[in-house]
Amino acid sequence: MRVTIDGVPSQAAQGQTVAGALLAAGRTSWRTTRHAGKPRGVFCGIGVCFDCLVTVNGVADVRACQRVLVDGDDIRTEEP
Amino acid sequence: MRVVVIGGGPAGLAAAGAAAAAGADTVLVDSEPVLGGQFHRGHPQRVDARVRHLANSTVWAVEGMRLHVRTGQADSPSRTGEVLNADAVVLATGAHDRVVPFPGWDLPGVYTAGAAQALAKGQGIAIGQRVVVSGTGPFLLPVAQSLKAVGAEVLRICDANTGLGWLGHPRAASPAKLAELLGYAVRLRSAWRPRTAVVAAHGEDKVNAVTVAKLNPDWTIRSQERIAVDAVCVGHGFTPRLELAVTAGCTLVDGFVAVEHTGATSVPGWYAAGEVTGIGGADLAAAEGEVAGTAAARGSHPSRALAKVRSGRRFAAALAAAHPIRAGWHTWLTDDTLVCRCEEVTYKDLRAAVDLDAAGTRTFKLTSRVGLGLCQGRTCGRAAIDIATALASDRRTFFTPADLQRRPIATPLRLAELASLPEEDL
Ligand SMILES: Cc1cc2nc3c(=O)[nH]c(=O)nc-3n(C[C@H](O)[C@H](O)[C@H](O)COP(=O)(O)OP(=O)(O)OC[C@H]3O[C@@H](n4cnc5c(N)ncnc54)[C@H](O)[C@@H]3O)c2cc1C
Ligand code: FES
């Protein structure tokens, strides 16, 4: 499968989540908090904490740890 | 007779299988793309072919025996809706990690123990190369084992308790469970440190070191050392996912769904099984699921599963007694330690809200904004109650677990989705 992460094409495996792909690419944070601008990435890993939000195919606030990648996905993070 | 099982972990799988075997028209609704829940992640499970399995499907609201379901990719606005009418419901929504806050726990590179486990088992990813595992409870051992299996070096496994308390209850332990735990203990003993904890994480944009403390029995700090790491994972047991149980009106006891020996809750037609009813591991969850699924479908008494439930609960009680959360963790906090990660509410902010003499949950929450963010207090709720109660020195009660779990919409829906719901769906 081919996906793009912040405009960069990359390969993804069946069953890989957006968080899995970002972590595999060496990213540990991809968003900042509203007030203090602190970096956030994965915390709970199972969809509970909402730390890991990304934009997928133009839809904002998708939990990266829950969203399984499909061919052609365009992932945008707040902090490329 | 139609039985709807919510949750496809060990408990829900067993419940659906048992309900179908007892002749009920059975539907299994699970949020994940594949069955297995937390325990079987990476090893997709199958369910009895007579069960209708709705994958990628979340029950987001309940009204009596009507369950509202959304199906589709996580958080996608194009999910589709469905209403299921049930004659009996088995709630098996499981649990998520409980974590007590400490300075720096919001730095990237700090994960829950469950996240480390889920990433290792489900995605083949090690959260770091040099990792410290910290918290309390037997779950830390399989997590450390999985981390090693995906190539991480586990520098320390810190249990804030001695971890040996359950040896005082040998009758409670099943031989298989004991053997499993002893196996881990042998393989991991060089890293294992009782009565220690990660009490701070350091770094600018990512964790680069942790402070590991030797603890007193009440979890106050005796001495500390700094260890360079690139990741840390933390788990202090689990918190049940109760929102559907609370909306359905099920009575809770000690923060879990109260059940009879059949798995029946206080609400007629509603049954519960697995970690929503108490934390005891996958085998117990599966036995409870079999019992509750059978009862929900009015099948005949599964006496072997009932016996397993009884012994499993004894073991679970012994484990829980051996891994208490001690109040000394409050002394790890500094004024600007975040308690609520979403709304960025600090320990100092909570103190200010308590000093304002807020009257109870709602005012306390509104004053401090604790638990009002995206996760709705799922991550910080228990810690916030503990802190507020300690600061108020028993003058007031702040919340009950049910208050914290009162979320009539169990999972966030998109505005576009809400707008498109047909009228009878609302
Ligand atoms: C992240 C994590 C990892 C874990 N890993 C292990 C491990 O490797 N080994 C181990 O021994 N124990 C592990 N545990 C402990 C584990 O919770 C239990 O051993 C066991 O999985 C509990 O079974 P269960 O059926 O009660 O719940 P779970 O296995 O948690 O299953 C609950 C299921 O319900 C689904 N669900 C929740 N809410 C809804 C809803 N509203 N609508 C539809 N579906 C819903 C969830 O997606 C999940 O699939 C882990 C716990 C966590 C939190
Ligand atoms: S990491 Fe918690 S929701 Fe994704």
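- Under an unreviewed UniProt entry, the name given to chain A is Proline dehydrogenase, and the organism recorded is Actinokineospora globicatena.

**Observations regarding empty space enclosed by the protein**
At step 1: Under the definition given, this model contains five cavities of 30 Å³ or more.
At step 2: Taken as a whole, the second largest cavity holds about 70 Å³ of empty space.
At step 3: The wall of the second largest cavity is formed by F43, C44, I46, V48 and C49 of chain A together with H96, D97, V99, T112 and T379 of chain B.
At step 4: The residue inventory of the lining of the second largest cavity, partitioned by class, reads six nonpolar, three polar and one charged.

**Re the interface of chain A and chain B**
At step 1: Counting residues at the interface gives 34 residues for chain A, matched by 38 residues for chain B.
At step 2: Of the roughly 3000 Å² buried between chain A and chain B on both sides combined, carbon and sulfur atoms contribute 56%.
At step 3: At the surface where chain A touches chain B, the tally comes to four salt bridges.
At step 4: The partner of E343 of chain B in a salt bridge is R34 of chain A, and the shortest N-O contact between them spans 2.7 Å.
At step 5: Counting every contact that joins chain A to chain B gives 14 residue pairs in polar contact (both at pLDDT 80 or more).
At step 6: Of all the elements in the fold, those that place two or more residues in the side of chain A that touches chain B are α1 (18-24), β4 (39-40) and β6 (59-63) of chain A.
At step 7: At five residues, β6 of chain A tops the list of elements feeding residues into the side of chain A that touches chain B.
At step 8: Its residues assigned to classes, the side of chain A that touches chain B comprises 17 nonpolar, eleven polar and six charged.

**Digging into the packing of aromatic side chains**
At step 1: Applying the stated criterion to the full structure yields three aromatic pairs over all chains.
At step 2: With 5.6 Å between their ring centres and 85° between their planes, F43 of chain A and W105 of chain B make a pair best called edge-to-face. On the criterion of chain membership, the pair formed by F43 of chain A in the loop between β4 and β5 (53-56) and W105 of chain B in the loop between β8 (95-97) and β9 (110-112) is interchain, its members lying in two chains. Just as F43 of chain A is buried, W105 of chain B falls in that class too.
At step 3: Across from the ring centre of F39 of chain B, 5.2 Å away, lies the NZ or CZ of K121 of chain B, which sits over that ring.
At step 4: Directly above the aromatic system of W105 of chain B lies the positively charged group of R341 of chain B, at a separation of 4.8 Å from the ring centroid.

**A word on the sheet that holds strand β13 (residues 196-202) of chain B**
Residue and element names in this part refer to chain B.
At step 1: The three strands lie next to each other as β13-β14-β15, forming an open sheet whose pairing is antiparallel. At either end of the open sheet lies a strand with only one pairing partner, and these are β13 and β15 (221-228). In this sheet, adjacent strand axes meet at a mean angle of 25° when their direction is disregarded.
At step 2: Pairing of β13 with strand β14 (residues 209-215) involves six bridges; the strand directions are antiparallel. If you follow H202 over to β14, its bridge partner there is A209.

Each value, and the rule that gives it
- Residues numbered from 1 in each chain as written.
- Chains lettered and ligands numbered in written order.
- Predicted model: local features only at pLDDT ≥ 70, side-chain atom pairs only at ≥ 80, totals over all residues.
- Heavy atoms only, no water.
- 1 Å grid on protein atoms, 1.4 Å probe; cavity = no way out; pocket = protein on both sides within 12 Å on 5 of 7 lines; lining within 4 Å.
- Points joined across faces, edges and corners; volume = space filled by probe spheres on them.
- Nonpolar A, V, L, I, M, F, W, Y, C, P; charged D, E, K, R; others polar.
- Contact = heavy atoms within 4.5 Å.
- Buried area = accessible area lost by both parts, 1.4 Å probe.
- Salt bridge = Lys/Arg side-chain N within 4 Å of Asp/Glu carboxyl O.
- Polar contact = N/O pair within 3.5 Å; in protein donor to acceptor, adjacent residues only side chain to side chain.
- Helix = DSSP H or I, 4+ residues; strand = E, 2+ residues; numbered from the N terminus.
- Phe/Tyr/Trp six-rings, centres within 6.5 Å; stacked < 30°, edge-to-face > 60°.
- Buried < 20%, exposed > 50% of the residue type's maximum accessible area, 1.4 Å probe, protein only.
- Lys NZ or Arg CZ within 6 Å of the ring centre and 35° of its normal.
- Pairing = 2+ DSSP bridges.
- Axes fitted to C-alpha atoms, helices over the stretch in contact; angles between N-to-C directions.

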